[in-house]
Amino acid sequence: MDNIAGSKSSLTWAVHLSVAFLVILWLFPTVGLFVSSFRTGDQIASSGWWKSMFPTEQNLVIRAGAPDTQVQQGALYVIEGDLFDGRSAGEVSVWGISSREIDAYKAGETVTLKDGSTLTVQPDGIFRMENTEEFTGSRGQRIFITATTPPEFTTDNYQNMLLDPSNREGMSKAFFSTLTVTIPSTIIPILIAAFAAYALAWMEFPGRAILIACVVGLLVVPLQLALIPLLKFHNAVGIGKGYMGVWFAHTGFGLPLAIYLLRNYMVGLPRDIIENAKVDGATDFQIFTRIILPLSFPALASFAIFQFLWTWNDLLVAMVFLVDSSGETTVMTKQIVELLGTRGGNWEILATAAFISMAVPIAVFFALQRYLVRGLLAGSVK
Amino acid sequence: MHPALQGLVTIIIGVGGCVGYFVLSNYLLDRFLLPARAMTADETASRRRIGLIAFFAVPALLVAGLVVMYGDLLSAGGIFRLIVGALVILGLWRLTGFIFAEGPLTAGHNISHANMIRPWLFLFPAILALGLYLTYPVFETLRLSFTQRIPGGYEFVGTANYQQMMSEPKFWEAMRNNMMWLVIVPAMSTVMGLIVAQLTDRISWGNIAKMLIFMPMAISFVGASVIFKLIYDTRPIDQEQIGVLNAIYLSLGGSEPQQWLTLPIWNNFLLMVVLIWIQTGFAMVILSAALRGIPEETVEAAIVDGANPFQIFFKIKVPQIMPTIVVVWTTITLTVLKVFDIVFAMTNGQWGTQVLANYMYNKLFTANDWGVGSAAAMVIMILVSPILIWNVRNARKEMK
């Protein structure tokens, strides 16, 4: 477009800005959840995630070291330490020793306490208490500080949800269930559809046009219609609820798109190659396995990605055909819905669970986007 | 057995079974049934004997199986099964004449007959799966929608299920909401997709921008629901808001935080936002490809004639990609008609957000009322069927 006179108009900047705005608008929701999954429950509940990226001002109550940590330096008894010990570093602006006056002193000031000792709090959180007599008591002095702490993130949520075997709400089991559902449900329809697509694309037989029309029609049949009849059927033949049923169901529901995509692609392959092979005495079976399948790789990959994303993200089919009352075979989507019900306010759990389920599809998406786009174009544009 | 192992075994059995079926059936056809060579009369006679035994062993087993499994062959179902069995036998009888012809045969005869059979070998698993998992359920659901479950079976109740459904306010709420979804979501997704496609085509980092806007396509509806529930989250007024929507609302002068998902009518739009967010990327990808396919001469001619960018877009480009816009629109319409996960996960149809698919699910699996549930499924099917017919007609036109 840039080579056309006049296309570089004064609108260019507006275009850049509005695209940037749209991209940020579209990313904002996902980033919000992503950031939240790295924060503790308290952090999420106390401030919006968009504030977590910047240093925040917090009021903290910290006890100085207890008297038994004192050391004698010459004539002085000294308690020293770091107020940020055990938490991320920050910068103290003001501090106090009473809950009524938490901003009584500036950082760096030295204050004389009631018992005659002196207390100094430095901006970096180092404090020093000095006294000529020995400190007594069992607990340390309370210090109220107002500090600016840098952003703080943790991977604890992921450890808790993925690696902790004692966590009954953990996602690791559901993760493997989802994987177990997904892989056969992706591979089997491809195989069945590839043969059918070849027959519909390159073999002559009566009824071919009607079959193709049927496939196109079945593309849009809502799978909602299939739930009860198939559940009845599965119960009648003894499959019941389980992996077997969900694999078959996904295979059936994925087939129309698979056949449609693959047939459209195979029809476009050059006729010469196939006819030459036939002249050389190759059977249809050989042509299919040696020539058509390798050449159709892009279409096979597109469909595989579709089917993978669809089965991984599916909730309805899994709920109807797989998840039974024992909950042993629950998939991630189902588990997240359950967490939404029982842990509605615990965003650290929800965000982490959602991200665990989203990580694989997003990775597949970015890695294989080329094929996905190609499949979309082949599947809808005529 | 561990599910992962079971999965692996299934993959091996499933894939192995498929491959085995295709290889074996073709091998059988090419080597024994109809080899690509001339056959003497002796050969065909012995082939016919073996073939007849094999072909009649199958129906005999079939009938025996029917008798053993269902015993009572004189009921309505039994007679139906007998008729099916008879048809299978008749079909096989006709086939024997076709495959196991007698007398000396030429290679050409065998090859042409094998080529007539082979497509059906290739198609058989697909036809079986499509028939059983998509075609049969349509008719079975239709039948169920006219019946009611009674202990031990079903009874025909005519249109009572439909009447009951029509009398429920929740059904009409679902219909009304579905219509709103149908109008708004495809329109907004297509328009946003078109805008993004047009804008990103003109800038250097357009592909990255497209990729990022396309990304929600990979996210499950459930995941998206969690994402947007955080956005719509509400905290009491004296606490800091952690939901973006309330934070913005309060900073713009709102008096108190709103429970967004419980606000009638508005909550529907907030649910639609989730689907629009997901579907815009899809519309964008397809429309962007269509925009690139527009012949440059038409745009150049418009520029020469002094058209401004807006005129070029609305008067030159949009009319040319109209067929694609229609396809995108109908594809998103289909998605909308089946929308279930978002409503199920975010509100489960409360506060006036019911939609047909969720209504149906509640009827089927919560109320356990298969009759009304099937009737609701048929309503979805009826709403889909105009698109179905239109698609099939387009496909047939193309075939010619």
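Described in the following lines is the structure provided in the data block. (Residues numbered from 1 in each chain as written. Chains lettered and ligands numbered in written order. Predicted model: local features only at pLDDT ≥ 70, side-chain atom pairs only at ≥ 80, totals over all residues. Heavy atoms only, no water.)

### Focus on the environment of alanine 199 of chain A
Structurally, the position occupied by alanine 199 of chain A is in helix 4 (residues 172-202). Separated by 64 residues in sequence, alanine 199 of chain A and arginine 263 of chain A have C-alpha atoms that sit 8.6 Å apart. In this view, alanine 199 of chain A contacts Phe205 and Arg208 of chain A together with Pro119, Phe122 and Leu123 of chain B; residues no more than four positions away in its chain are not counted. (Helix = DSSP H or I, 4+ residues; strand = E, 2+ residues; numbered from the N terminus. Contact = heavy atoms within 4.5 Å.)

### Considerations on the nonpolar core
If you look at the biggest cluster of nonpolar residues, it comprises 205 residues, and the most contacted ones within it are Met266 and Phe321 of chain A together with Trp181 of chain B. Discounting residues that sit within four places of it in the chain, phenylalanine 321 of chain A has contacts with Ala226, Leu227, Leu230, Leu231, His234, Gly240, Lys241, Gly242, Gly245, Val246, Ala249 and Phe253 of chain A. (Core = buried A, V, L, I, M, F, W, Y, C linked by side-chain atoms within 4.5 Å. Buried < 20%, exposed > 50% of the residue type's maximum accessible area, 1.4 Å probe, protein only.)

### Details of the pairing of strand 9 (residues 142-149) of chain A
For a regular strand, side-chain orientation follows a simple rule: the groups alternate between the two sheet faces. Residues and elements named next belong to chain A. Counting buried positions along strand 9 gives six out of eight residues, so the element sits mostly inside the fold. Pairing between strand 4 (residues 91-96) and strand 9: five bridges, direction antiparallel. Paired with glutamate 91 across the bridge in strand 9 is threonine 148. (Pairing = 2+ DSSP bridges.)

### Notes on the packing of helix 1 (residues 12-36) of chain A against helix 10 (residues 266-292) of chain B
Viewed as axis vectors pointing N to C, helix 1 of chain A and helix 10 of chain B meet at an angle of 125°, and their least axial separation amounts to 11 Å. With respect to their mutual orientation, helix 1 of chain A and helix 10 of chain B come out oblique. As helix 1 of chain A packs across helix 10 of chain B, the resulting crossing turns out to be left-handed. Side by side, helix 1 of chain A and helix 10 of chain B meet where Trp26, Pro29 and Thr30 of chain A of the first sit next to Ile276, Trp277 and Thr280 of chain B of the second. A class-by-class count of the residues in the contact of helix 1 of chain A with helix 10 of chain B yields four nonpolar, two polar and no charged. (Axes fitted to C-alpha atoms, helices over the stretch in contact; angles between N-to-C directions. Parallel < 35°, antiparallel > 145°, perpendicular 65-115°, else oblique. Left-handed = near helix turned anticlockwise from the far one by under 90°. Nonpolar A, V, L, I, M, F, W, Y, C, P; charged D, E, K, R; others polar.)

### Examining the packing of helix 6 (residues 227-237) of chain A against helix 4 (residues 107-144) of chain B
Two elements in contact, helix 6 of chain A and helix 4 of chain B, have axes whose closest approach is 7 Å; the angle formed by their N-to-C orientations is 105°. Classified by the interaxial angle, the pair formed by helix 6 of chain A and helix 4 of chain B is roughly perpendicular. For the pair helix 6 of chain A and helix 4 of chain B, the contacting residues are Ile228, Pro229, Leu230, Lys232, Phe233 and His234 of chain A in the first and Leu132, Tyr133, Tyr136, Pro137, Glu140, Thr141, Arg143 and Leu144 of chain B in the second. A per-class count over the contact of helix 6 of chain A with helix 4 of chain B returns nine nonpolar, two polar and three charged.

### Some details on the interface of chain B and chain A
The interface of chain B with chain A comprises 111 residues on the first partner and 110 residues on the second. Contact between chain B and chain A buries roughly 9,900 Å² in total, counting both sides, with carbon and sulfur atoms accounting for 80%. Area buried by chain B at its contact with chain A is led by Phe122, Tyr133 and Leu134 of chain B, which between them contribute 8% of it. One can count one salt bridge joining chain B with chain A. Among the salt bridges present, the one from lysine 232 of chain A reaches glutamate 140 of chain B, with a minimum N-O distance of 2.6 Å. On the surface where chain B and chain A come into contact, there are eight residue pairs in polar contact (both at pLDDT 80 or more). For the side of chain B that touches chain A, the leading source of residues is helix 4 of chain B, giving 22 residues. Looking at the side of chain B that touches chain A residue by residue, the class counts come to 78 nonpolar, 17 polar and 16 charged. (Buried area = accessible area lost by both parts, 1.4 Å probe. Salt bridge = Lys/Arg side-chain N within 4 Å of Asp/Glu carboxyl O. Polar contact = N/O pair within 3.5 Å; in protein donor to acceptor, adjacent residues only side chain to side chain.)

### Remarks on the pattern of salt bridges
Opposite charge on two side chains makes pairing possible when the charged atoms of those side chains draw close. Residues and elements named next belong to chain B. Inspection of the entire model under this criterion finds eleven salt bridges over all chains. Where arginine 143 meets glutamate 140, a salt bridge forms, and the shortest distance between an N and an O atom there is 3.1 Å. Of the two residues, arginine 143 and glutamate 140 both sit in helix 4, three residues apart, roughly one turn of that helix. A relative accessible area of 9% places glutamate 140 in the buried class. The closest approach of N and O atoms between lysine 363 and glutamate 168, which form a salt bridge, is 3.1 Å.

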